[in-house]
Amino acid sequence: MKTSAVRLYGKHDLRLETFELPELTDDSILARIVSDSVCMSTYKTVEQGAAHKRVPDNVAENPVIIGHELCGIILKAGKKWADQYHEGDRFAVQPVVDQTVNYDTIGYSFGTVGGDSELVVIPNNIIEKGCILPYTGDGCFKGSLAEPMSCIVGGFRAFYHSGKEEYSHEMGIVDGGRMAIIGGTGPMGLGAIDYALHGGERKPGTLIVTDINPDRLARAEKIFPPAEAAKDGITLKFVNTSSGDACKTMMDLSGGKGFDDILCMAPVRAAVELADRILAKDGCLNFFAGPMDKNFSAEFNFYNVHYASTHVTGTSGGTVNDLRTALRLMEQDRIHPEVMITHIGGLDAVIETTMNLPSIPGGKKIIYPGIRCPLTAIADFASKKSDPLFARLAECCEANGGLWNREAEEILLKHFSLI
């Protein structure tokens, strides 16, 4: 069976191609990919090619399908899996198959499965690892965003504190404590705000979100009104740290005590060092952002490490359990990852979008591999109303606070003739 997909051959070498998939076997699954979210990690992979630890050394001879934030529909399951996976079932994926030996990962390592493909054949080793999870939520785009949300869930779980009397680590953020999200109005930052306010069992009493971009800050505050957070007993503030004494501003907002938990979303030295300076006693900094520079470093105050028990952790990706949590929260309508989405497009938009991702403004870009459509900002739908499709999409999104939604997804997919 033929499929069209975007495949990686090496550094800066992406190709949209049509090729034959292997035959379905008794221990594999044939599926159609409905949606995939373009991740900055994929851009970094294209920048590195075979040098990336998750990309096979022989990728030039055996190209891999990119895209790991995907949601699909089972078309047929081999005999081994027929009782567990059924035709028409929707699924999301935990992309990391092996984290210890060869780092096999969907979207980086496999030639028959990835998010930027019309059809995929999922091999047995991926299924056996429990990486194919059922999804029953509202819209496939949310299923695609379950993976980035799982990274956020894992990031919150990784915070830890030493306890008041004994040196015993207590995992998670301080319930009712002071939390800051540095560089927190990008797509992952918005997801983190949503999870902090609505998802976790523990919630901060104060949440301060910083950025240096006024437009992003304004959009974030519109999506998450502080007055709504206040109804749940959370003081939420959005702060522009592009000018003035950012450290003093943040310390004042913490009541002079510093922050118990800080999520740093920017791989920028100044952001890390600001986070270090505003940590409270026993405060935890999670360096969530993934730098491309293997020698990236920043100063950290070890006087405070010794006398104030400040500490740092870092997380990259989520676990299968984190993904299950993200899916459950979406199915319960507790978190709304659509706040991340600013653009949609088809398979023909993947290469240009991925190669230029850092320079394309906005948040998450959702790709629908079964269609051909240029990458288009949701904010630009209204200017394209001469096209009946975009006129309907504009009306639908305007009715949902400017956000992508299930109805808009259905309009888009019905407009095109899917495989």
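Please read all numbers here as calculations on a predicted model, not as lab measurements.

Asks: Now, about the overall build of the protein: what can you tell me, with residues and values included?
Replies: On a plain count of helices and strands, the protein comes out with 13 helices and 19 strands. Relative to the globule expectation of 22 Å for 419 residues, the C-alpha radius of gyration of the protein, 22 Å, shows essentially globular dimensions. The principal-axis extent of the C-alpha atoms belonging to the protein is close to 65 × 50 × 40 Å. Within the span of the protein, comprising 419 residues, buried residues form 56% of the whole.

Asks: How would you summarise the sheet that holds strand S2 (residues 13-20) if you had to cite specific residues and measurements?
Replies: Remark on secondary structure: sheet strands pair via backbone hydrogen bonds, oriented parallel or antiparallel. Pairing is antiparallel across the open sheet formed by three strands, whose spatial order is S2-S1-S4. Because the sheet does not close on itself, it has two edges, and the strands there are S2 and strand S4 (64-65). Direction of pairing for strand S1 (residues 2-10) relative to S2: antiparallel, over a ladder of eight bridges. Bridging from a neighbouring strand, Thr-3 pairs with Phe-19 of S2.

Asks: If you had to explain the nonpolar core to someone new, which residues and values would you point to?
Replies: One finds Leu-207, Tyr-368 and Trp-404 to be the most contacted residues of the largest nonpolar core, which totals 69 residues. If you tally residues by element for this core, the top one is helix H3 (residues 140-158), at nine residues. Here Trp-404 is in contact with Phe-141, Glu-338, Ile-341, Ile-344, Tyr-368, Ile-378, Phe-381, Leu-393, Cys-397, Glu-409 and Leu-412, once residues within four sequence places are set aside. Formed by 21 residues, the second largest nonpolar core is a distinct cluster that contains Ala-180, Ile-182, Ile-208 and Val-239.

Asks: I'd love a proper account of the sheet that holds strand S11 (residues 178-182), names of residues and values included.
Replies: Ordered in space as S13-S12-S11-S14-S15-S16, the six strands form an open sheet in which the pairing is parallel. Of all strands in the sheet, those with a lone pairing partner are strand S13 (235-240) and strand S16 (311-314), marking the two edges. Shown here is a sheet whose adjacent strand axes are inclined to one another by a mean of 15°, direction ignored. Pairing of S11 with strand S12 (residues 206-211) involves four bridges; the strand directions are parallel. What sits directly across from Ala-180, in S12, is Ile-208. On the sheet, helix H5 (residues 214-223) packs against S12 and S13 and is oriented at approximately 165° with respect to S13.

Asks: Any details on the packing of H3 against helix H4 (residues 187-199)? Residues and values, ideally.
Replies: Pairs of packed helices are described in terms of their axes, by the angle between the two and the distance that separates them. Closest axis-to-axis distance for the H3/H4 pair is 10 Å, and the angle between their directions is 60°. Accordingly, the angle class assigned to the pair H3 and H4 is oblique. In this structure, the crossing between H3 and H4 has a hand that is right-handed. Contact with H3, carried on its side by Pro-148, Met-149, Cys-151, Ile-152, Val-153 and Phe-156, involves Met-188, Gly-191, Ala-192, Tyr-195 and Ala-196 of H4 and no other residues of that element. Class assignment for the residues of the contact of H3 with H4 results in ten nonpolar, one polar and no charged.

Asks: An account of the pattern of salt bridges is requested, with residue identities and associated values reported.
Replies: Inspection of the entire model under this criterion finds 18 salt bridges. A salt bridge links Glu-338 to Lys-142; its shortest N-O distance comes to 3.9 Å. One end of the pair, Glu-338, is in the loop between helix H10 (320-331) and strand S17 (341-346); the other, Lys-142, is in helix H3, with 196 residues separating them in the sequence. Each member of the pair, Glu-338 together with Lys-142, is buried. Connected through salt bridges with shared partners, the residues Asp-138, Arg-406 and Glu-410 form a single ionic network.

Reading the values: the criteria
Residues numbered from 1 in each chain as written. Predicted model: local features only at pLDDT ≥ 70, side-chain atom pairs only at ≥ 80, totals over all residues. Heavy atoms only, no water. Helix = DSSP H or I, 4+ residues; strand = E, 2+ residues; numbered from the N terminus. Rg over C-alpha atoms; globule rule 2.2 N^0.38 Å. Buried < 20%, exposed > 50% of the residue type's maximum accessible area, 1.4 Å probe, protein only. Pairing = 2+ DSSP bridges. Core = buried A, V, L, I, M, F, W, Y, C linked by side-chain atoms within 4.5 Å. Contact = heavy atoms within 4.5 Å. Axes fitted to C-alpha atoms, helices over the stretch in contact; angles between N-to-C directions. Parallel < 35°, antiparallel > 145°, perpendicular 65-115°, else oblique. Left-handed = near helix turned anticlockwise from the far one by under 90°. Nonpolar A, V, L, I, M, F, W, Y, C, P; charged D, E, K, R; others polar. Salt bridge = Lys/Arg side-chain N within 4 Å of Asp/Glu carboxyl O.

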